[in-house]
Amino acid sequence: MTDLEVRGVRHVVRRGAERVGAATPADRDRAVDALRAGAVLGVVLGHWLVTALVADGGALRTASPLQHMPWLTPVSWLFQTLAVFFLVGGHVATRSLASARARGIPYHRWLTARLTRLFTPVAAVLTLWTIAAFALLLSGAEFGTVRTLVKLALSPLWFLVVFAALTAVTPLLTRLNPLWPLAVVLHVDLLRFGFGGPSWLGWVNVAAGWLVPYTLGAAWTRGELERRRAGWVLLLGGAVATAGLVAWAGYPASMVGVPGEGMSNLDPPTLAVVTFGLAQCGLALLLRERLRRAMRRPVAWAAVALVNLSAMTVFLWHQTALMATTATGLLAGHLPGLHTVPDSLGWVGARLLWLPVFALALAVCRAAFRSFEQGGDRDRRSRVVRAHRPSGRGTAVEARHV
């Protein structure tokens, strides 16, 4: 492209970004949307970097570079961002509930609207993968391979079930102190690891562990986390506690599951991943003002708005994008960074080169399935971007929420 063409593209992008900014309500806390976008993209990039589908004969099996190169463990600290998502989710849900009550909207209508928006996009994922699984089995694909693919594709759904459950009990959580669920996690781990209790006790932490950042979000709504001191206490306290648990209590350093390890911090959540989440939440709170300033830039805000408008679609389909690329690549043989064992720096370099291809495949999924997310969003009262379109009587306003 010539310099003139580049300048033209930049001008078009900037004009479009300025229109998005102008259509955003002035009272919108853009830091909330930036944190949500960062949390979603962290999960996506984390999965793309640490999930490998290794071609083994005619089958595919999962592997992780963390299994072969444990020195890459800090990658899991950067991209395991679920605590931030639950923090933002708790803040947005409690604020939305308070707004609904002020407008006289009953709880059941509020909950139905939120769960509809949450689960409508799931229908497309379940339908496609049900058809794909049967088609693969009928074509003679190995059952283990099909099981691996379906498990990876549907793995994001566990998060939605937990998030939906916490959303349903939000009225009971608006005043709950985060120390209560944190105490539950502590005692569950003490019983499991300290006194040899049954392993099934760990599943209590699926609710209690994610309740901690969710109720922190409720505290944010109550105005209890506005002072920077709160962010520093969470950041430093969570980091010191996590380091102590890893160094002296035997918890894994990785904040995601690693194949072959006897213990996972995430499945089910342990005290270490919860304290690590406290540190993440503290950092997120400390970054709010900087993010608000950064989001005044039209292009930065437009990018965040774009991610948020398709957050559910991106979250639900990013594993499918990875697998579609992997399956298509098999036609060209066993490609490095895509089908090979993740046991060297060469694999890491090759995988980084594959990330734009995964992103392109995800963009195709977004274009194909974002209508499911939009369809469940038409009646939302909380507005972020207002798109003005002409109608027969004048100007109609279609509002889309980020």
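Here the structure is shown first, and the text comes after it.
Owing to the predicted nature of the structure, the values given are computational and were not obtained by experimental measurement.

K.L.:
Got a minute to help me understand the pattern of salt bridges in this structure?
P.N.:
Counted by the stated rule, this structure contains 7 salt bridges. The closest approach of N and O atoms between glutamate 224 and arginine 222, which form a salt bridge, is 2.8 Å. Note that glutamate 226 is salt-bridged to arginine 288, the shortest N-O span being 3.5 Å. Of this pair, glutamate 226 sits in the loop between α11 (204-221) and α12 (228-248) while arginine 288 sits in helix α14 (residues 288-294); the two residues are 62 residues apart in sequence, bridging distant segments of the chain. Residues joined by salt bridges that share partners form a network here, namely Arg28, Asp33 and Arg36.

K.L.:
So what exactly am I meant to see when it comes to the environment of arginine 351 here?
P.N.:
Locating arginine 351 in the fold gives a position in helix α17 (residues 345-375). Owing to a relative accessible area of 1%, arginine 351 belongs among the buried residues under this scheme. In this structure the C-alpha to C-alpha distance between arginine 351 and leucine 49, which are 302 residues apart in sequence, comes to 7.0 Å. Here arginine 351 is in contact with Trp48, Leu49, Thr51, Ala52, Leu322, Gly337, Leu338 and Phe358, once residues within four sequence places are set aside. Polar side-chain contacts of arginine 351 include one of 2.5 Å to the backbone oxygen of tryptophan 48.

K.L.:
Even after reading the chapter, I still don't get the packing of aromatic side chains, so can you show me in this structure?
P.N.:
By the definition in use, this model includes 14 aromatic pairs. Ring pairs connect the aromatic residues Phe85, Phe86, Trp158, Phe159, Phe163, Trp210, Tyr214 and Phe315, which therefore count as one cluster.

K.L.:
Looking at this structure, I do not really get the environment of methionine 295. What am I missing?
P.N.:
Relative to the elements of secondary structure, methionine 295 occurs in the loop between α14 and α15 (298-309). In this structure the C-alpha to C-alpha distance between methionine 295 and alanine 31, which are 264 residues apart in sequence, comes to 7.3 Å. Among residues more than four places away in sequence, those in contact with methionine 295 are Arg30, Ala34, Ala300, Trp301 and Val304.

K.L.:
Can you walk me through α11 in this structure?
P.N.:
Working note: α-helix, 3.6 residues per turn, so residues spaced by three or four point in the same direction. Under the 1.5 Å per step criterion, the end-to-end length of α11 is 26 Å for 18 residues, consistent within 8% with the ideal 26 Å. By the largest-angle criterion, valine 212 marks the main kink of α11, which is about 35°, and a proline, proline 213, follows within four residues. Across the 18 residues of α11, 15 count as buried, placing the element largely inside the fold. Glycine 223 sits one or two residues past α11 and shows a positive phi near 85°.

K.L.:
Help me understand the nonpolar core, please; the structure alone is not making it clear to me.
P.N.:
A general feature of soluble globular proteins is that nonpolar side chains tend to end up buried together. Phe86, Phe159, Leu160, Leu316 and Trp317 are the most contacted members of the largest nonpolar core, which totals 85 residues. Aside from chain neighbours lying at most four places away, what touches leucine 160 is Leu118, Phe119, Val122, Met312 and Leu316. Counting 7 residues, the second-largest nonpolar core is a separate cluster that includes Ala34, Ala37, Met295 and Ala305.

K.L.:
Explanation requested: the pairing of strand β1 (residues 52-56) in the structure shown.
P.N.:
For a regular strand, side chains alternate in direction, first toward one face of the sheet and then toward the other. In terms of residue burial, β1 counts as a mostly covered element, since 4 of its 5 residues are buried. As judged from the 5 bridges shared by β1 and strand β2 (residues 59-63), these two strands associate in the antiparallel manner. Residue pairing in the sheet places alanine 55 in a bridge with leucine 60 of β2.

K.L.:
What's the story with a positive patch on the surface in this structure? I'm lost.
P.N.:
A surface patch of like charges, here positive, comprises Arg228, Arg290, Arg293 and Arg296. Topologically, arginine 290 is positioned in helix α14.

K.L.:
Before we go on, may I ask you to explain helix α5 (residues 82-102) in this structure?
P.N.:
End to end, α5 covers 30 Å across 21 residues, agreeing with the expected 30 Å (1.5 Å per residue, within 8%). Where burial is concerned, most of α5 is hidden: 15 out of the 21 residues are buried. Just downstream of α5, glycine 104 is the residue with a positive phi angle, here 80°.

K.L.:
Please clarify how the packing of α12 against helix α13 (residues 271-286) should be interpreted in this entry.
P.N.:
Think of two packed helices as two axes; the pair is described by the angle between the axes and how far apart they sit. Between α12 and α13, whose axes approach to 7 Å, the crossing angle comes to 150°. Between α12 and α13, the angle falls in the class roughly antiparallel. Judged by the sense of rotation from one axis to the other, the crossing of α12 with α13 is left-handed. Seen from α12, the contacting residues are Arg228, Gly231, Trp232, Leu234, Leu235, Gly238, Ala239, Ala241, Thr242 and Leu245; seen from α13, they are Leu271, Ala272, Thr275, Phe276, Leu278, Ala279, Gly282, Leu283, Leu285 and Leu286. Class assignment of the residues belonging to the contact of α12 with α13 gives a composition of 14 nonpolar, 5 polar and 1 charged.

Rules behind the numbers
Residues numbered from 1 in each chain as written. Predicted model: local features only at pLDDT ≥ 70, side-chain atom pairs only at ≥ 80, totals over all residues. Heavy atoms only, no water. Salt bridge = Lys/Arg side-chain N within 4 Å of Asp/Glu carboxyl O. Helix = DSSP H or I, 4+ residues; strand = E, 2+ residues; numbered from the N terminus. Buried < 20%, exposed > 50% of the residue type's maximum accessible area, 1.4 Å probe, protein only. Contact = heavy atoms within 4.5 Å. Polar contact = N/O pair within 3.5 Å; in protein donor to acceptor, adjacent residues only side chain to side chain. Phe/Tyr/Trp six-rings, centres within 6.5 Å; stacked < 30°, edge-to-face > 60°. Expected span 1.5 Å × (residues − 1). Bend = angle between axes of the 7 residues up to and from the residue. Core = buried A, V, L, I, M, F, W, Y, C linked by side-chain atoms within 4.5 Å. Pairing = 2+ DSSP bridges. Patch = residues over 30% accessible without salt bridge, like charges linked within 9 Å, V, L, I, M, F, W, Y side chains within 5 Å. Areas by Shrake-Rupley, 256 points an atom, 1.4 Å probe, with all protein chains shown as cover. Lys, Arg positive; Asp, Glu negative; His and termini not counted. Charge placed at Lys NZ, Arg CZ, Asp CG, Glu CD. Axes fitted to C-alpha atoms, helices over the stretch in contact; angles between N-to-C directions. Parallel < 35°, antiparallel > 145°, perpendicular 65-115°, else oblique. Left-handed = near helix turned anticlockwise from the far one by under 90°. Nonpolar A, V, L, I, M, F, W, Y, C, P; charged D, E, K, R; others polar.

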